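Notes for the structure review
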Amino acid sequence: MRTVRAVLTRELVGYFATPVAYVFIVLFLVLIGWLTFDVGGLLDRNQADLQAFFSFHPWVFLLMVPAVSMRLWAEERRQGTLEFLMTLPVAPWQAALGKFLAAWVFMALALAFTWPVWATVAYLGNPDHGAIVTGYLGSLALAGAFLAIGAAVSALTTNQVIAFVITAAVCFAMAAAGLPLATSLVADWAPRGLVDAVATFSFLTRYEAMMRGVISLPDLAFFFTTMGLALYLNILALSGRRDRAATAGAAPSPTRRSRPLIAALLAAILYLTGNLWLAEVGAGARIDLTEHRIYTLSPTTADVVDDVAEPIHVEFYYSTALSEASPGIAALGTRIRGLLRAYERLSGGTIVVEEIDPAPFSEAEDRALSLGLTGLPAGADGDPAYFGLAARNSVDDLAVIPFLQPDREPELEYDLTSLIRSLADPEPPLIGVVSTLPVLGGATGDPFASAPTGPWHVFTLLADAYDLRSLDLSGGSVDADVDLLVLVHPRGLSLPELYAVDQYVMQGRPSLVFVDPVSEADLAQRPPQERFAPAHSDLDPFAASWGIGMDPEHAVADRSAALQVAVRGRPGEQVPFVGWLGYGPPAMAPDGPITARLERLHFAAAGHITASPGSTTTVTPLVQSDPQAMRIAAGALGLHPDPRALLSDYAPGDEALTLAARVTGPAPSAFPGGPPPGLSLPEPVGTGAQPLDIVVVADTDFLNDRFWVAPRSVGTDRVAVPFADNGNFVLNAVESLLGAVDLSGLRGRAVTQRPFTRIADLQADARERFLATELTLRAELERAQEALQTARATAEQGYEAAATQAETLATVRSRLLQVRRDLRDVQRRLREDVNR
């Protein structure tokens, strides 16, 4: 290797002996910086990741890498130094490897100089550093493959321009092999297997997987075998030149002339077959370096798959037209295909996956429609295209995902595992719901629609995984087959209903309870004349029995967690609303199945839970506020609160307040003497010997769609896309309370947004510093505008002398202009730190 090192050193020093290397590096940095920050909008996206940075690397390399590689051998041949090099005691493989490594090190140096981009997002937010590391590794591997191809082409020509053009063309062809444009050319006449084989040799497909944070054996093997094949062709070209130099004047035999061609052909065949084989058998051999390992099948999935005793047939409906129309769906389709193969391997053949391309007007499309899959218009003709799953077990139970939404990619494993589990265990637990709110449908069931519609989205999710039933407790008991009781906004319950709940929990049966000091959903369903009456839940008489309390007169206000809301009457202006709160992992219990993997929870006018002194139960906080949160009068958060006034009057507290908790342990009955006198109710069945297991959340609006999901149209359907983990909290709590197979480790990563937290903090600090000044100036501006209108009205009516009128108007206008200047100055200072 000493010779290789000598060639490497000589070549690398040659790069920096002239200004060419410095000019190249500067051009590379300027180009990639412009594409990242200007075209890609790195800062405008407000996301602490480098997707906008890495996504341009293949295309920049198509321009820059051939410029580096074209001189490797073409220049030697043009100057006639190649023949001299071949007479030295340097083997062709040593010369080829040394020159390639020198060029690769040079590209690595150019990439290293991009570290300020990484530092920028790390300073502004909390990026996934594992994904960034794999992105750099993928970029370096891509540059190496391009360089190796360029070196092989350079060895075959004396013209650097020709070497540049051919290298760029070959690299572009291999980069674009996985794009819809390329696959569609093959799909028109070839089976799907050949289309997938073509996509296997795409630089972009392999690079994008590494850019997301996953390093797999097939991807690494593809890059390094590409380098190996190109270097081997380079060596063959050099060896042929050395042989011709050694036999100058003698006619080479046909056998000697054909030997390099045969060797190159065999190497190419080995390259193709080896990568195709690895793509099939090595898909599971990979390392997921993302922060939460979001692309790795978890042990929970392995447990669920191990429990599959009878065959499950999964049909993956994937329209080629849809993948061609949307690169995002094409990438997601590749990931889904890989995951489904992983499920097959885990099951040992119990799970069988079939991929179907439902072409327009085909029997496959008829079947997709009969299964309820959602079709989207795609292609030039607008024919429906499909991207969904349908699965059946041995008794013909059916589970369907009508459309695999790209927004749910981080939830993909949870969705697939839930589908498998529902078919492996076709008798799900029964959840009973008792609510004074229309959670299962009614006046406020769908905030995205103007007319009353169906259930709140979280109950739709529960209904997908469990049997869901609305309960009537007027008989004084809960149905015996109910596995979990969900109690939402208990208010004005009758004695029989209270007794039924008490006897249910006294048996140690699990409950999920949502209470609230101010239920906005309750206010919304009332007639206008009743909307100013209290809208709090009643925990009595359970509070004393369970050992907890919730003050119905006060809610939690937390400046550090305040959500931004629009200012009424001022379009585009936002202000923190201390009554609507968003909490991240620091506020949640780090251990346990309910909150450990969640990223964001939203609360609206939430209360706080307290543990009663001397209670026999244990109250374990699940979500707590900042220690400086304050208790605020519940009435201040009723209809039409003033966010600016609440922020201005904010007075920090001195203790963290519990917004959600788990209550466990023995507890006495709320009806120790049995059924209330005078009522014909069942005799007590719960003695309190069984410990309680109750999750209590001091907010019913926590369940309301408007605070955690947003609408999106998919075909003719409207779907709810989560922007907070409220639904995942509920699903996790239900699984934990039921003691079912815990899927919480697969859930809670739907919120993968990584905003620039430092910018948000700067904005919050600036608003806090200048809010009082801004409020004062706005009030003065309104007074000045009123004075101006009064002066104009007075002038028009001729009540004053003309000189006096003119003087008054001039004074008011002058003050108005000054106030506006002061206000603009305050707004400029609000943006000052962010701009810097």
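The structure under discussion appears in the preceding block.
Residues numbered from 1 in each chain as written. Predicted model: local features only at pLDDT ≥ 70, side-chain atom pairs only at ≥ 80, totals over all residues. Heavy atoms only, no water.

**Regarding the overall build of the protein**
Put simply, the rule is: Strands here are runs of E lasting at least two residues and helices are runs of H or I lasting at least four, both read from the DSSP assignment and numbered beginning at the N terminus. For the exposure calls, accessible area comes from a 1.4 Å probe over protein chains only, and a residue counts as buried if that area is under 20% of its type's maximum, exposed if over 50%, partly exposed in between. Here a residue-residue contact requires only that any non-hydrogen atoms of the pair lie within 4.5 Å. What sets the accessible areas is the Shrake-Rupley method with a 1.4 Å probe; for residues, cover comes only from the shown protein chains.
Secondary structure summary: the protein contains 28 helices and 23 strands in total. A buried classification covers 50% of the 836 residues belonging to the protein. Relative to all contacts within the protein whose residues are 6 or more apart in sequence, the contacts with residues 24 or more apart total 77%. Entry remark: accessible area of the protein is about 37500 Å², with carbon and sulfur atoms responsible for 59%.

**Quick look at the pattern of salt bridges**
So the rule is basically this: One side-chain nitrogen of Lys or Arg within 4 Å of one carboxyl oxygen of Asp or Glu is enough to make a salt bridge.
Under the definition given, this model contains twelve salt bridges. Within this structure, Arg-10, Glu-11 and Lys-99 form a network of salt bridges that share partners.

**Quick word on the environment of Arg-5**
Assignment of secondary structure puts Arg-5 in helix α1 (residues 2-16). For Arg-5 and Gly-98, which are 93 residues apart along the polypeptide, the C-alpha to C-alpha distance reads 6.4 Å.

**Some words on the side chain of Thr-36**
Mapped onto the fold, Thr-36 is located in helix α2 (residues 20-39). Assessed through its relative accessible area of 0%, Thr-36 is described here as buried. Leave out the neighbours within four places in its chain, and Thr-36 touches Gly-41, Leu-42, Ala-52, Phe-53, Phe-56 and Val-117.

**Digging into the side chain of Ser-202**
Filter applied, for reference: Between N or O atoms, a polar contact is any pair within 3.5 Å; within protein, one atom must be a potential hydrogen donor and the other a potential acceptor, and residues adjacent in sequence are included only when both atoms are from side chains.
One can find Ser-202 in the loop between α12 (192-200) and α13 (203-211). Ser-202 sits in the buried class, given a relative accessible area of 0%. A distance of 3.2 Å separates the side chain of Ser-202 from the backbone nitrogen of Thr-205, its partner in a polar contact.

**Quick look at the packing of aromatic side chains**
To keep it simple, the criterion reads: Ring pairs shown here join Phe, Tyr and Trp side chains whose ring centres sit within 6.5 Å, with only the six-membered ring taken for Trp; geometry is labelled stacked below 30 degrees between planes, edge-to-face above 60, and tilted in between.
Considering all chains together, one arrives at 31 aromatic pairs under this definition. Linked through ring pairs, Phe-146, Phe-201, Phe-203, Phe-222, Phe-223 and Tyr-271 together constitute an aromatic cluster.

**Considerations on unusual backbone geometry**
Within the chain, Phe-361 stands out as a residue other than glycine whose phi angle is a positive 65 degrees. Structurally, the position occupied by Phe-361 is in the loop between β4 (351-356) and α19 (363-370). Phi is positive for Ala-605, close to 55 degrees, though the residue is something other than glycine. Structurally, Ala-605 can be placed in the loop between β16 (601-604) and β17 (609-611).

Nothing here speaks to function; it is geometry throughout.
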